[in-house]
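Results of the structural survey
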Amino acid sequence: MHPIVARNRSDLTKARTGGTLALVPTMGALHEGHRSLIRLARERADEVVVSVFVNPLQFGPGEDFQRYPRTFDADLAACREEGVDVVFAPAADEMYLPDRQVSVSAGGMGRIVEGASRPGHFDGMLTVVLKLFNLVRPDLAVFGQKDAQQLAMIRRMVADLDVPVEIVGAPTVREPDGLALSSRNRYLSAAERRAALSLSRALRAGEGEPTPARVRAAAAKALAEAPPELEVDYLALVDPATFLEVPDAYEGEAVLAVAARTGATRLIDNAVVRLGR
C-alpha cells in the first residue's frame, strides 16, 4: 500500500478515515530508529501519519539546517514498507506565515542542559510540534527517548496547555557497536565514529553506579579517556521530568545525558539510571 502524501490541512482532512490516529513527527532521513517509532504507532492506533518536515525554527545560527539530510523518496519508501497511511510533508510556507508573530515559549526548562547549548531550540521544536498536533489532530504521538529532554518538554507542553494528545515514549535504538541511531551519523568519518562511541561508553560506565556522585565520576572518567576528536559539550545527571541536576542524596530514576561534537557533527545520547536502593 502506498501512503497518501498530504501537503496541507485540506489533504490531511480528506485522508482521515475516522479511526484512532497516531502521529510520528520526523525531520526525514528515516532510519531504523524512526521505523521503530512507526511500528509502535501501528500497534497503538488504526491510522499512522508520519510527518516529514525539516523545521527551520529549531536550528540556531551556524547549525546544520542547510546540510541536514533530505531524502524524501527514500523516506516515502520506508513509510510504505512500514504500512504508514499518510505522509505529511508540508512546505515551510504551509507551516509558517511570512509575518508569523506567535510561538511557544519553552520557559526555564528550555534554557538548561541541551537548551543552554542551543538557545531557542526548544521554542522552535515546541512550536512546530504544537502546529503538527493542530494540523493532524492525532489521538497519540510517538517520540524517541534518545531526545530525552525533547520528550520531557513535549510532555510538559501537553500538560501545561491541555493539549488532548497522548505522548508515547519509545526506547533508543542503537547500532550493534552501541552508537545511538541518528540521521547525523552519516556525516561521521571512520575516526569521528570511533570517537562518537565514547558517548555510549560513558553512559554504560555510569549506569551501574548507585549514587549521583559515582555515576557522574564514572561517566566523566570514560569521557576523559575519549579520543581527541571528541569535544564534550556537557555531561548531566538530571530529573527526568524537570531536567534539573539531581542532588547527591537523590534516589530513583534519573537521566544521564551527554552531548559532544566530533568534526562538524554534534551528537547527543542518554540513558535512564536507577539510583539508591
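For the structure, check the block above.
Treat the numbers as computed from the prediction; the structure is a model and nothing was measured.

What counts and how
- Residues numbered from 1 in each chain as written.
- Predicted model: local features only at pLDDT ≥ 70, side-chain atom pairs only at ≥ 80, totals over all residues.
- Heavy atoms only, no water.
- Pairing = 2+ DSSP bridges.
- Helix = DSSP H or I, 4+ residues; strand = E, 2+ residues; numbered from the N terminus.
- Axes fitted to C-alpha atoms, helices over the stretch in contact; angles between N-to-C directions.
- Contact = heavy atoms within 4.5 Å.
- Buried < 20%, exposed > 50% of the residue type's maximum accessible area, 1.4 Å probe, protein only.
- Phe/Tyr/Trp six-rings, centres within 6.5 Å; stacked < 30°, edge-to-face > 60°.
- Lys NZ or Arg CZ within 6 Å of the ring centre and 35° of its normal.
- Salt bridge = Lys/Arg side-chain N within 4 Å of Asp/Glu carboxyl O.

Description of the sheet that holds strand 9 (residues 265-275)
Reading across from one edge, 7-8-9 is the order of the three strands in this open sheet, with antiparallel pairing throughout. This sheet does not close on itself; its edge strands, each paired only once, are strand 7 (230-238) and strand 9. Taking each pair of neighbouring strands and ignoring which way they run, the sheet shows an average axis angle of 15°. Here strand 8 (residues 252-262) pairs with strand 9 via eleven bridges, running antiparallel. Bridging from a neighbouring strand, leucine 256 pairs with alanine 271 of strand 9. Together, strand 7, strand 8 and strand 9 form the strand contacts of helix 8 (residues 190-207), whose direction differs from that of strand 9 by roughly 15°.

Brief notes about the environment of alanine 29
Counting through the fold element by element, alanine 29 comes out in the loop between strand 2 (21-26) and helix 2 (32-44). Exposure remark for alanine 29: the relative accessible area of 1% places this residue in the buried category. Between the alpha carbons of alanine 29 and leucine 203 there is a distance of 26 Å; along the sequence they are 174 residues apart. Not counting residues within four places of it along the chain, the set of residues in contact with alanine 29 comprises His34, Pro69, Thr71, Asp75, Ser183 and Arg186.

A closer look at the side chain of glutamine 150
Among the secondary structure elements, glutamine 150 is positioned in helix 7 (residues 148-160). Judged by relative accessible area, which is 18%, glutamine 150 ranks as buried. Leave out the neighbours within four places in its chain, and glutamine 150 touches Phe122, Met125 and Phe143.

Details of the packing of aromatic side chains
Counted by the stated rule, this structure contains three aromatic pairs. For the ring pair phenylalanine 53 and tyrosine 96, a centre distance of 6.2 Å and an interplane angle of 50° mean the geometry is tilted. Taken as a pair, phenylalanine 53 in the loop between strand 3 (47-52) and helix 3 (72-81) and tyrosine 96 in the loop between helix 4 (92-95) and helix 5 (114-117) lie far apart in primary sequence, 43 residues in all. Grouping residues by exposure puts phenylalanine 53 and tyrosine 96 together as buried. Pairing phenylalanine 59 with phenylalanine 65 gives two aromatic rings, centres 5.3 Å apart and planes at 65°, and the pair type is edge-to-face. Here the basic side chain of arginine 7 rests over the ring of phenylalanine 72, its NZ or CZ set 5.2 Å away from the ring centre. The aromatic ring of tyrosine 96 is capped on one face by arginine 100, whose charged end is 5.6 Å from the ring centroid.

A short note on the pairing of strand 2
Burial analysis of strand 2 places six of its six residues in the buried class, which makes it a mostly covered element. In strand 2, alternate side chains face the same way, and those of Leu21, Leu23 and Pro25 on one face and Ala22, Val24 and Thr26 on the other are all buried. Bridge count between strand 2 and strand 3: six bridges; the pairing is parallel. Looking across to strand 3, one finds that threonine 26 is bridged to valine 52.

Some thoughts on the pattern of salt bridges
All told, the structure shown has 19 salt bridges when counted by the stated rule. Put simply, arginine 184 and aspartate 64 hold a salt bridge, and the shortest N to O gap is 2.8 Å. One end of the pair, arginine 184, is in the loop between strand 6 (166-170) and helix 8; the other, aspartate 64, is in the loop between strand 3 and helix 3, and 120 residues separate them in sequence. On the basis of relative accessibility, which here comes to 17%, the residue arginine 184 falls in the buried class. The closest approach of N and O atoms between arginine 193 and aspartate 177, which form a salt bridge, is 3.0 Å. Of this pair, arginine 193 sits in helix 8 while aspartate 177 sits in the loop between strand 6 and helix 8; the two residues are 16 residues apart in sequence, bridging distant segments of the chain. Each of Glu32, Arg35, Arg39, Glu81 and Glu82 takes part in one network of salt bridges that share partners.

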